[in-house]
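Topology and contacts: notes
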Amino acid sequence: MYPTRSSQALIEYFGEDHAGGTLNVDRFSAYKVIARKGLFILAFCWAHVRRDFLDHAKGYVEQETWGLSWVERIGKIYHINNERIQHKLGSKEFHKKDSELRKSISEMKEELIKQLADTILLPSAKKILKSLSKHWSGLTIFVDQPEIPMDNNTAERGLRGPVVGRKNYAGSGSVWSAELAAALFTLFKTLKLWNINVHAWLLFYFNECALIGGKPPENISQFLPWEMTEEKRQLLSRPPNYNNST
């Protein structure tokens, strides 16, 4: 809900003294600013790179084969990595797929260097390759850190609802209401990630507020999914019973 997309929004959110951790992001310039400040390491998104080549293949018919050849290379990397992360880190199966992945990454880098030196390649195609080369270190973080996704598709899908609807319902011009909407988006997404039914959780929370005279509880730990017992989380994962409090 920040009024601009500048790096200052990120700096204010995370704090000037933040250091460490990895952000899985697209290539937006504001992320690069906070990386240069040492706040985060950036793991760039392969889905965005893949889209570059697909758009080029659609826009330049005579270059379709070239563009799709890169889409195929990226698809191969995705396939091998998806197989790799199915196995336990350090296992024989993981090591086998890890070696296969590193070999394919190395071959892709060699092809990238080779094509960048091609003097007859279209400027529009070379621009894509230069971007790939420029972001290479951030794009390959997942190789040494298998827990890092190859793309940020999960995050973008999670944000789609608020992004599509924000002009219609995220405050309607009121700053306080927009801030409330942002807080609720965060709250509800957190509950969803913990597989907790939002309606059941809200009934649980408001019932507690009612018991203490319509005031918010001072101790909110019982409402935090990571503080709940497994039994409580299981109970709140079901649709609410409006006749009885949770």
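Reference entry: report on the structure contained in this document.

Parameters and conventions
Residues numbered from 1 in each chain as written. Predicted model: local features only at pLDDT ≥ 70, side-chain atom pairs only at ≥ 80, totals over all residues. Heavy atoms only, no water. Helix = DSSP H or I, 4+ residues; strand = E, 2+ residues; numbered from the N terminus. Rg over C-alpha atoms; globule rule 2.2 N^0.38 Å. Buried < 20%, exposed > 50% of the residue type's maximum accessible area, 1.4 Å probe, protein only. Contact = heavy atoms within 4.5 Å. Core = buried A, V, L, I, M, F, W, Y, C linked by side-chain atoms within 4.5 Å.

1. What to know about the overall build of the protein
Each helix and strand in the protein was counted, giving twelve helices and two strands. Mapped in sequence order, the helices and strands of the protein form the string α-β-α-β-α-α-α-α-α-α-α-α-α-α. The C-alpha atoms of the protein give a radius of gyration of 23 Å, which is well past the 18 Å a tight globule of 246 residues would have. Structurally, the protein occupies a C-alpha span of about 75 × 50 × 40 Å along its principal axes.

2. What about helix α1 (residues 7-14)?
Buried within α1 we find Ser7, Ala9, Leu10 and Ile11. The elements touched by buried residues of α1 are α2 (29-36). Just past α1, the residue Gly15 takes up positive phi, approximately 95°.

3. Here's the deal with the environment of Met228
Summarising the element assignment, Met228 is placed in the loop between α11 (198-211) and α12 (230-236). If we ignore the near neighbours within four places in the chain, the residues touching Met228 are Ile196, Trp201, Gln222, Phe223, Arg233 and Leu236.

4. Quick word on the nonpolar core
The biggest cluster of nonpolar side chains holds 39 residues, and the ones touching the most others in it are Trp46, Phe53, Trp70, Leu132 and Phe142. Sequence-distant contacts of Leu132, defined by excluding residues within four places in its chain, comprise Trp46, Val49, Phe53, Trp70, Leu112 and Leu139. With ten residues, the next largest nonpolar core counts Leu191, Tyr205, Met228 and Leu236 among its residues.

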